[in-house]
Amino acid sequence: MLVTVKLFAGLRELAGAGELRLNVAEGSHVSDVWRVLADRHAGMAAYAPSISCAVNADYSRMTAAVQDGDEIAFLPPVSGG
């Protein structure tokens, strides 16, 4: 299945792009997509405990199923004031 991944802030910097297209196995979940990214981009794994995600612009859980053509966004924690 082909999915589009959107990355923001520090994640974008680590990946060198704000948007990536990934092939993932049928039956994958958001957590599987995250693991592919973390394996490919050094430093991303450190964000795992605090990352937020969305599927097709709706906030989601890492356990959500992924379908072909979905857009998955990963958002690191926001700081500042």
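What comes next is a walk through the structure. (Residues numbered from 1 in each chain as written. Predicted model: local features only at pLDDT ≥ 70, side-chain atom pairs only at ≥ 80, totals over all residues. Heavy atoms only, no water.)

## Let's talk about the sheet that holds strand β4 (residues 58-60)
The criterion, for reference: Here, strands pair whenever DSSP counts at least two bridges between them. Put simply, DSSP H or I for four residues or longer makes a helix, DSSP E for two residues or longer makes a strand, and each gets a number counted from the N terminus. Lines fitted to the C-alpha atoms define the axes, with helices restricted to the stretch that makes contact. Angles between their N-to-C directions range from 0 to 180 degrees. Here a residue-residue contact requires only that any non-hydrogen atoms of the pair lie within 4.5 Å.
Pairing is mixed across the open sheet formed by five strands, whose spatial order is β2-β1-β5-β3-β4. Looking along the sheet, the strands with just one partner apiece sit at the ends: β2 (19-23) and β4. Adjacent strand axes in the sheet meet at a mean angle of 30° when their direction is disregarded. Sheet topology note: the strand β1 (residues 2-7)/β2 ladder contains five bridges and is antiparallel. Its bridge partner being in β2, T4 is matched across the sheet by R21. Together, β1, β2, β3 (52-55) and β5 (71-75) form the strand contacts of helix α2 (residues 30-40), whose direction differs from that of β5 by roughly 60°.

## Quick look at the environment of G10
If you trace the backbone, G10 turns up in helix α1 (residues 9-15). A C-alpha to C-alpha distance of 7.2 Å links G10 and P76, two positions 66 residues apart in sequence.

## Points about the packing of aromatic side chains
Put simply, the test is: By convention, a stacked pair of Phe, Tyr or Trp rings (six-membered ring in the case of Trp) has centres within 6.5 Å and planes under 30 degrees apart, an edge-to-face pair has planes over 60 apart, and any other such pair is tilted.
Taken as a whole and assessed by the stated rule, the structure comprises one aromatic pair. Pairing W34 with F74 gives two aromatic rings, centres 5.1 Å apart and planes at 55°, and the pair type is tilted. Note that W34 is positioned in helix α2 and F74 in strand β5, a separation of 40 residues in sequence.

## Some words on the nonpolar core
The condition that has to hold: In plain words, nonpolar cores are sets of buried Ala, Val, Leu, Ile, Met, Phe, Trp, Tyr and Cys residues tied together by side-chain atoms within 4.5 Å. Exposure is judged per residue with a 1.4 Å probe applied to protein chains only, and the accessible area is read against the type maximum: over 50% gives exposed, under 20% gives buried, and values in between give partly exposed.
One finds L7, L37 and F74 to be the most contacted residues of the largest nonpolar core, which totals 21 residues. Element by element, the count of residues in this core is highest for α2, at five residues. If we skip the residues at most four places from it in the chain, L37 touches V5, L7, L20, L22, M44 and F74.

## Here's the deal with α2
Short version of the rule: The arc under discussion is defined with respect to the helix axis, by the directions toward the C-beta atoms.
Those residues of α2 that fall on the buried side of the exposure criterion are V30, S31, V33, W34, L37 and A38. End-on, the buried residues of α2 take up no more than an arc of 155°, which puts them together on one face. Opposite the buried face of α2, at more than 90 degrees from it, the exposed residues are D39 and R40. For α2, the secondary structure elements touched by its buried residues are β1, α1, β2, β3 and β5.

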